[in-house]
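Here's the letter readout for the chains.
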Amino acid sequence: MSKDVESRIIDIVNEMKSSVVSIITTRLMVDEWLNATPVRGLGTGFFIDNRHIVTANHVVQDATELVIVTPEGDEYEGELLGRDPEFDAALIRVEGARSVKSVKLGDSDKLKVGQMVIAIGYPLGLLGEPTVTLGVVSAIGRSIRTPMGVLEGLIQTDAAINPGNSGGPLLNLDGEVVGMNTAIIAGAQGIGFAVPINLVKLTIDEILKFGRVVRPRLGIYGVDLSKPMAKYFRLPVEKGVLVVGVLPGSPADDAGIRQGDVITAIDDEELSSIVQLKVHLARKFIEGNRVFDLTVVRGRTRYRIKVSI
């Protein structure tokens, strides 16, 4: 690693120190004797302005109390404004926070495999200054099944992510947040995941505008189609969203979309990722759109399908 890159990483970490906080949660767990016992949990969050903190949904889910701890040791009571299980994101509000600095949100659509990234957080309950790990973007557009459901369009990275890191920022070397660290696979070595920041932005906008998440449901599980996948499955296209599952009774099911279809465009906008599809649906839905035109490739045939949300 060159001295210039090393210096840049050090500068980014110093800039981000006051932006990343530890989140201590309290939940009531009921045992087999129906005794309610308070249980503490730990996670990470980051300030997007001087009042609002982004974290992972699974960090704050079912929490009865939220305590925000800054690197300087200041503690604040957090108010949960809204949760988004689909993107595993949540928004917290604090009042009177001092000496905090908001992060700069980047554009996750610009990420490239092999690009260096920095993960910052509070793993394993280690308070004080946050822990920093370095890695690369290992893959883009990953979909994984978690105890809370399927997460789609994730960034895969080899930057070390441990319990407690969830909700922390993943940054590029421009110091921009490009993802929110969200999950690790038990038993895997060196594999971590982050929600693309462009999806997290939707969560933030919807909660601040409506007080809750307001989002259309197409009703598919999809993965980003790549050239090797297209070759392996003998598909006639190399770019789009490969449908790996359709929910019964969903708008996609009603429109006739099937497992194995490739969605190549929505409203004449070419698609290259599931993230792009979700962002288009959400933004147009907020604007009042309820009907979308999908271009679907099935076998050697290309269809134009109208879907009503």
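Residues numbered from 1 in each chain as written. Predicted model: local features only at pLDDT ≥ 70, side-chain atom pairs only at ≥ 80, totals over all residues. Heavy atoms only, no water.

Chemist: Is there a simple way to explain the overall build of the chain in this structure?
Modeler: Along the backbone of the chain there are six helices and 20 strands. Along the first, second and third principal axes, the C-alpha set of the chain runs to 60 × 55 × 40 Å. Per-residue burial over the chain gives 50% buried out of 309 residues. Restricting the contact set of the chain to residue pairs at least 6 apart, pairs at least 24 apart contribute 59%. Roughly 14900 Å² of accessible area belongs to the chain as shown, and the carbon and sulfur atoms make up 50% of that amount. For the chain, the distance from the average position of its 34 positive side-chain charges to the average position of its 38 negative side-chain charges is 7 Å. (Helix = DSSP H or I, 4+ residues; strand = E, 2+ residues; numbered from the N terminus. Buried < 20%, exposed > 50% of the residue type's maximum accessible area, 1.4 Å probe, protein only. Contact = heavy atoms within 4.5 Å. Areas by Shrake-Rupley, 256 points an atom, 1.4 Å probe, with all protein chains shown as cover. Lys, Arg positive; Asp, Glu negative; His and termini not counted. Charge placed at Lys NZ, Arg CZ, Asp CG, Glu CD.)

Chemist: Mind showing me how you'd approach the pattern of salt bridges here?
Modeler: Overall, the coordinates contain 19 salt bridges when judged by the stated rule. The partner of Arg-215 in a salt bridge is Asp-84, and the shortest N-O contact between them spans 2.8 Å. With Arg-215 in the loop between helix H3 (197–210) and strand S15 (220–224) and Asp-84 in strand S6 (residues 79–84), this residue pair connects regions lying 131 residues apart in the sequence. Assigned by exposure class, Arg-215 and Asp-84 land together as buried. We note a salt bridge from Lys-284 to Glu-287, for which the minimum N-O separation is 3.8 Å. Accessibility expressed as a relative area gives 29% for Lys-284, which makes it partly exposed. We classify Glu-287 as exposed; its relative accessible area is 56%. Residues joined in a network through salt bridges with shared partners are Asp-84, Glu-86, Glu-152, Glu-206, Arg-215, Arg-217 and Lys-278. (Salt bridge = Lys/Arg side-chain N within 4 Å of Asp/Glu carboxyl O.)

Chemist: Hey, could you run me through the environment of Pro-251 in this one?
Modeler: Structurally, Pro-251 can be placed in helix H5 (residues 251–254). In this structure, the C-alpha to C-alpha distance between Pro-251 and Pro-216, residues 35 residues apart in sequence, is 9.7 Å. Aside from chain neighbours lying at most four places away, what touches Pro-251 is Arg-217, Leu-218, Val-307, Ser-308 and Ile-309.

Chemist: Please explain the sheet that holds strand S5 (residues 75–77) as it appears in this structure.
Modeler: The pairing of strands in a sheet happens through backbone hydrogen bonds and is either parallel or antiparallel. What the seven strands build is an open sheet, ordered S5-S4-S1-S2-S3-S7-S6; its pairing is antiparallel. Unpaired on one side and paired on the other, S5 and S6 mark the two borders of the sheet. Each adjacent strand pair in this sheet contributes to an overall mean axis angle of 30°, direction not counted. Examined bridge by bridge, S6 and strand S7 (residues 89–93) share five bridges and lie antiparallel to one another. (Pairing = 2+ DSSP bridges. Axes fitted to C-alpha atoms, helices over the stretch in contact; angles between N-to-C directions.)

Chemist: Help me out: how do you make sense of the packing of H3 against helix H6 (residues 274–286) in this one?
Modeler: When two helices pack together, their arrangement is given by the angle between the helix axes and the distance between those axes. In the contact formed by H3 and H6, the axes pass within 10 Å of each other and the chain directions differ by 20°. Looking at the two axes, H3 sits roughly parallel to H6. Taken as a pair, H3 and H6 cross one another with a handedness that is left-handed. In this structure, H3 uses Asn-198, Leu-199, Leu-202, Glu-206, Lys-209 and Phe-210 to contact H6, whose residues at the interface are Val-275, Lys-278, Val-279, Ala-282, Arg-283 and Ile-286. Here the residues of the contact of H3 with H6 sort into seven nonpolar, one polar and four charged. (Parallel < 35°, antiparallel > 145°, perpendicular 65-115°, else oblique. Left-handed = near helix turned anticlockwise from the far one by under 90°. Nonpolar A, V, L, I, M, F, W, Y, C, P; charged D, E, K, R; others polar.)

Chemist: What should I look at first to understand unusual backbone geometry in this one?
Modeler: For residues besides glycine, phi is generally negative; the peptide bonds are generally trans as well. Of note in this structure, Asp-62 is not a glycine but carries a positive phi near 65°. Relative to the elements of secondary structure, Asp-62 occurs in the loop between helix H2 (57–60) and strand S4 (65–69). Residue class for Asp-62 comes out exposed when judged on its relative accessible area of 59%. Notably, Asp-88 is not glycine yet its phi reads approximately 50°, a positive angle. Tracing the backbone shows Asp-88 in the loop between S6 and S7.

Chemist: Sorry if this is basic, but what is going on with H3 here?
Modeler: Turn by turn, an α-helix covers 3.6 residues, leaving residues three or four places apart pointing in a common direction. For H3, which comprises 14 residues, the first-to-last C-alpha distance of 20 Å matches the rise-based estimate of 20 Å (1.5 Å per residue) to within 8%. All of the buried residues in H3 are Ile-197, Asn-198, Leu-199, Val-200, Leu-202, Thr-203, Ile-204, Glu-206 and Ile-207. Phi turns positive, to about 85°, at Gly-211, one or two residues after H3. (Expected span 1.5 Å × (residues − 1).)

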